[in-house]
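Reading the structure
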Amino acid sequence: MMKAEGLMFHLPQILVRAPQVRRCVVVLVALAATGSFYFKHRVAPLQEVLVTDTVALLSRSIARPAHVTPALPGSFADGVLPHWAGLGDAQRQMGELSHADWLLGMAVLSGEQPYPRLPAGFKSILRKSRPAVEGLLRATRASSTQPPNCLWEDSLRKNPCLRVYPRIYFGAHLGLLDARRLLSEGNVDAALEEGMDVLALSRDLAHFGVVGDLLGIRLSRWAFRLCAQALDAASPMAKSYAVHQFQLIEAGTPSMATVMKRERLFRQLGLFAKTLSPTQRKRLPKSMQETLARGGHSFLEDQALRFVWPSAEAGFREVQAAVALPAQERDQRLRHPWPGLGTLERAAWNYLGGATYDSLWDFQSYDVRHRCAAMRLSVLRAAALVDLSQAQEGRWPASVALNGAPGQIERPQISLHIEGDTTWVRGPTLTKDERRECEIEPAVLLHRDEAL
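Residues numbered from 1 in each chain as written. Predicted model: local features only at pLDDT ≥ 70, side-chain atom pairs only at ≥ 80, totals over all residues. Heavy atoms only, no water.

A few words now on the overall build of the protein chain. A count of helical and extended segments in the protein chain gives 23 helices and six strands. Burial statistics for the protein chain: of 452 residues in total, 50% are counted as buried. Long-range contacts, defined as pairs at least 24 residues apart, comprise 77% of the intrachain contacts of the protein chain with a sequence gap of at least 6. If you sum the accessible surface of the protein chain, you get close to 21,500 Å²; carbon and sulfur atoms cover 57% of it. (Helix = DSSP H or I, 4+ residues; strand = E, 2+ residues; numbered from the N terminus. Buried < 20%, exposed > 50% of the residue type's maximum accessible area, 1.4 Å probe, protein only. Contact = heavy atoms within 4.5 Å. Areas by Shrake-Rupley, 256 points an atom, 1.4 Å probe, with all protein chains shown as cover.)

Okay, structure coming up:
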């Protein structure tokens, strides 16, 4: 209202005196005030839920079974924060590597090249950052998980996750390279242990929303290859323990519905937290208040955000409902999970950034990747069981059956393909689209131990 009155004061005097212009200005100001009042009260319940859910999730750790016994005290965040500076140094040094060295290092990490070919620059970083990398992997052994507070602060920035996730992600790269070193030196059980920690890190990242889960899925692909290779040559005791560990990691990995619940909170913090009132902001951690205070926005942006928030909320709830369905029904629902937009809503989303609305709902391919990661864990568990059976009985079992982990919608479908002294342990047959999204087929090749 004050802005409109100030504008009237600066209009040319001849226009202010014109009765028709005065009436138009009054009507426009009245409409703006009415719309602002309506939008404010329209999103009031959503604002309250956003603040309440944020405070609740920040105030407690997320319960999930640890993959080691006994579990370490505290949470993932408690374990990783003392090594935050060291992980940052490692990330910076890895960014200074040449492109050729980086490509060769990634080939070693994925198992396509032997460890002795790892560039000297990588080996130097690995040597210097070993305490930080070990601290990161040990943090996954905590009795609970919780995202570091800086991750929440990052979600309020224009380009979220640019500061926090790379430290964890590249730290895990170094952990996998160290496991490759152990494998090349014949220390197979220790390599399997480190690979297991990386799988557990992927599990914890999934608790932090879609971005964390996608990075964890990428890490789990490389950890899968490492664990599959190490498992085949590991000691019987290590294989037996691995069966238990794989099952615990499966049980601690959140379902897609749980990931989407956290993602809804992260996305809405990033998009709509700037509309919170001063009273609501005071209930957030101080660091988040300071981040919000530094990011100003215009009156029009504020009204547009309030206008589109209900459509975003409806879309998120639809996705949460869709991912709880069996695969065939889920795929269909995820193709068009968002509610239809009216002309004004579409215009408001375009004003806020063009493709912002549509980018909220690109979850179908992600859902396939999430299911592939779960399949790979199931295949590793089945492979460990098959290998143990062969070691104890001297022959490959005819079949293997797994119980589904808690939260899994479908029971894992595992098949064996026996060829003389080797056997393939495979997950279900993938479609062409699923193969493209999975990139690495969930299958493990096992060799008969001739020493038995």
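Further notes follow.
Moving on to the nonpolar core. By size, the foremost hydrophobic cluster in this structure holds 75 residues, and its most contacted members are Leu174, Leu192, Phe246 and Val425. With sequence-adjacent residues up to four places away left out, Leu174 is seen in contact with Ala90, Met94, Phe122, Ile125, Leu126, Ser129 and Val133. Counting residues in hydrophobic clusters, the runner-up holds 20 residues, among them Leu58, Leu265, Phe272 and Leu284. (Core = buried A, V, L, I, M, F, W, Y, C linked by side-chain atoms within 4.5 Å.)

Moving on to the environment of Arg218. Of note, Arg218 is situated in helix H13 (residues 210-233). Judged by its relative accessible area of 35%, Arg218 is partly exposed. Setting aside its immediate chain neighbours within four residues, Arg218 contacts Tyr169 and Glu439.

What follows concerns the packing of aromatic side chains. Going through the model one piece at a time under the given rule, you end up with five aromatic pairs. Pairing Phe76 with Phe208 gives two aromatic rings, centres 6.1 Å apart and planes at 45°, and the pair type is tilted. Here Phe76 is found in helix H5 (residues 76-80), whereas its partner Phe208 is found in the loop between helix H12 (188-206) and H13, with 132 residues between them in sequence. Ring-pair connections join several aromatic residues into one group, and the members of that group are Trp102, Phe122, Tyr169 and Phe170. (Phe/Tyr/Trp six-rings, centres within 6.5 Å; stacked < 30°, edge-to-face > 60°.)

A few words now on helix H19 (residues 327-335). If you check which residues of H19 are buried, you get Ala327, Arg330, Asp331 and Leu334. Down the axis, H19 shows its buried residues gathered within 100° of arc, on one side only. Of the surrounding secondary structure, the elements contacted by the buried residues of H19 are helix H18 (299-322) and helix H22 (364-393). (Arc of directions from axis to C-beta.)

Omega for the bond connecting Thr69 with Pro70 falls within 30 degrees of zero, at 0°, which places this linkage in the cis form. As for its position among the elements, Pro70 is in the loop between strand S1 (62-63) and strand S2 (72-75).

This part covers helix H7 (residues 99-109). Since there are 3.6 residues in each turn of an α-helix, residues three or four apart along the chain are aligned in direction. Turning to H7, its buried residues are Gly105, Met106, Ala107, Val108 and Leu109. The inward-facing, buried residues of H7 abut helix H8 (120-128), helix H11 (165-184) and H13. Phi for Gly111, located one or two positions after H7, is positive at around 90°.

With that out of the way, let us pick up the sheet that holds S1. The three strands are arranged S1-S3-S2 in an open sheet whose pairing can be described as mixed. The open sheet has two edge strands, S1 and S2, and neither has a second partner. Direction of pairing for S1 relative to strand S3 (residues 142-145): antiparallel, over a ladder of two bridges. From the neighbouring strand, Ile62 faces S3, where its bridge partner is Thr145. (Pairing = 2+ DSSP bridges.)

Let's shift gears to the pairing of S3. Where S2 lies against S3, two bridges are found, and the strand directions are parallel. Looking at the pairing, Ser75 lines up with Ser144 of S3.

Structurally, Asp53 can be placed in helix H4 (residues 44-59). A C-alpha to C-alpha distance of 7.5 Å links Asp53 and Leu265, two positions 212 residues apart in sequence.

It is worth spelling out the pattern of salt bridges at this point. This structure, assessed with the given rule, holds 17 salt bridges. Between Arg64 and Asp204 there is a salt bridge, with its nearest N and O atoms 2.8 Å apart. Of this pair, Arg64 sits in the loop between S1 and S2 while Asp204 sits in helix H12, and the two are 140 residues apart along the sequence. Just as Arg64 is buried, Asp204 falls in that class too. Put simply, Glu313 and Arg317 hold a salt bridge, and the shortest N to O gap is 2.6 Å. Of this pair, Glu313 and Arg317 both sit in helix H18, four residues apart, roughly one helical turn. Given the relative accessible area of 8%, Glu313 is considered buried. Here the salt bridges do not stand alone but share partners, grouping Arg130, Asp178, Arg181 and Glu185 into one network. (Salt bridge = Lys/Arg side-chain N within 4 Å of Asp/Glu carboxyl O.)

This part takes up the side chain of Thr423. Mapped onto the elements of the fold, Thr423 is located in strand S5 (residues 422-426). In contact with Thr423, other than residues within four places in its own chain, are Val386, Trp396, Leu416, His417, Ile418, Val444, Leu445 and Leu446.

A few words on the sheet that holds strand S4 (residues 415-419). Pairing in this open sheet of three strands is antiparallel, and the strands run S4-S5-S6 from one edge to the other. The open sheet terminates on both sides in strands that have one partner only, identified here as S4 and strand S6 (443-447). Mean inter-strand twist for the sheet, computed between neighbouring axes without regard to direction, equals 20°. Bridging between S4 and S5 involves five bridges; their strand directions are antiparallel. Opposite Ser415, over in S5, you have Arg426 as the bridge partner. Of the strands in this sheet, S4, S5 and S6 touch H22, which is tilted by about 15° from S6. (Axes fitted to C-alpha atoms, helices over the stretch in contact; angles between N-to-C directions.)

On to the packing of H12 against H13, then. Running from N to C, H12 and H13 cross one another at 160°; their axes reach a closest spacing of 8 Å. Comparing the axis directions of H12 and H13 gives the class roughly antiparallel. At the point where H12 passes H13, the crossing takes the left-handed sense. Packed against H12, whose contacting residues are Val188, Ala191, Leu192, Gly195, Met196, Val198, Leu199, Leu201, Ser202, Leu205 and Ala206, the element H13 presents Gly212, Asp213, Gly216, Leu219, Ser220, Ala223, Leu226, Cys227, Ala230, Leu231 and Ala233 at the interface. Classifying every residue of the contact of H12 with H13 gives 16 nonpolar, five polar and one charged. (Parallel < 35°, antiparallel > 145°, perpendicular 65-115°, else oblique. Left-handed = near helix turned anticlockwise from the far one by under 90°. Nonpolar A, V, L, I, M, F, W, Y, C, P; charged D, E, K, R; others polar.)

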